[in-house]
Amino acid sequence: MAATHTMDGPWVDAGLTGPNPRISGGPLRLVKCEGVVIALMPAWLDDEHEEAHANARIVAAAPDLLEALKRCRFDSLNMTMDDMRFIRAAIAKATGEAL
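Computed from a prediction, not measured in an experiment: that's the story for all the values here.

Side note on the overall build of the chain
Okay, so step 1: In terms of regular secondary structure, the chain is built from two helices and three strands.
Okay, so step 2: The order of helices and strands in the chain, counted from the N terminus, is β-β-β-α-α.
Okay, so step 3: Taking all 99 residues of the chain together, the buried fraction comes to 25%.
Okay, so step 4: At a minimum sequence separation of 6, the contacts of the chain that also span at least 24 residues come to 33%.

Regarding unusual backbone geometry
Okay, so step 1: Despite not being glycine, E34 has its phi angle at roughly 50°, a positive value.
Okay, so step 2: If you trace the backbone, E34 turns up in the loop between β2 (28-33) and β3 (36-42).
Okay, so step 3: Owing to a relative accessible area of 62%, E34 belongs among the exposed residues under this scheme.

Here's the deal with the sheet that holds strand β1 (residues 11-16)
Okay, so step 1: If you trace the three strands from one edge of the open sheet to the other, you get β1-β2-β3, paired in antiparallel fashion. Since the sheet does not close on itself, it has two edges, and those belong to β1 and β3, each with one partner. Here the strands of the sheet are splayed against their neighbours by 25° on average, with no regard to which way each runs.
Okay, so step 2: Judged from the five bridges that link them, β1 and β2 form a sheet pairing that is antiparallel. Note on β2: the bridge partner recorded for G15 is L30.

Some details on the pairing of β2
Within a regular strand, side chains alternate between the sheet's two faces.
Okay, so step 1: The buried fraction of β2 is high, at five of six residues.
Okay, so step 2: One ladder, built from six bridges, connects β2 with β3; its direction is antiparallel. Counterpart to R29 in the pairing with β3 is M41.
Okay, so step 3: Between the antiparallel neighbours β2 and β3 lie two residues, among them E34 with a positive phi of about 50°.

Rules behind the numbers
- Residues numbered from 1 in each chain as written.
- Predicted model: local features only at pLDDT ≥ 70, side-chain atom pairs only at ≥ 80, totals over all residues.
- Heavy atoms only, no water.
- Helix = DSSP H or I, 4+ residues; strand = E, 2+ residues; numbered from the N terminus.
- Buried < 20%, exposed > 50% of the residue type's maximum accessible area, 1.4 Å probe, protein only.
- Contact = heavy atoms within 4.5 Å.
- Pairing = 2+ DSSP bridges.
- Axes fitted to C-alpha atoms, helices over the stretch in contact; angles between N-to-C directions.

In short, the description is geometric, and any link to function would need to be established separately.
In structure tokens form, the structure reads like this:
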């Protein structure tokens, strides 16, 4: 089985770029880790900006959501309060909601 490599720093929604004629012709929503672009979503139409923002939040939250699932262990009786706080924070990051 091949080894999995991940970017260890936080994944963040880095916002919109200006028009990018080489990729989409319009602005792009970026997700970065330690300054490196790891994902981009085209957002050239007004109604696509919110969808691109939502997609960027999900991508940026992916490592936290995976860690939250690992902490769950599908056995809530063994979860700590730290586990619960981490899980809530991962969900908030993915949905864009406040804790």
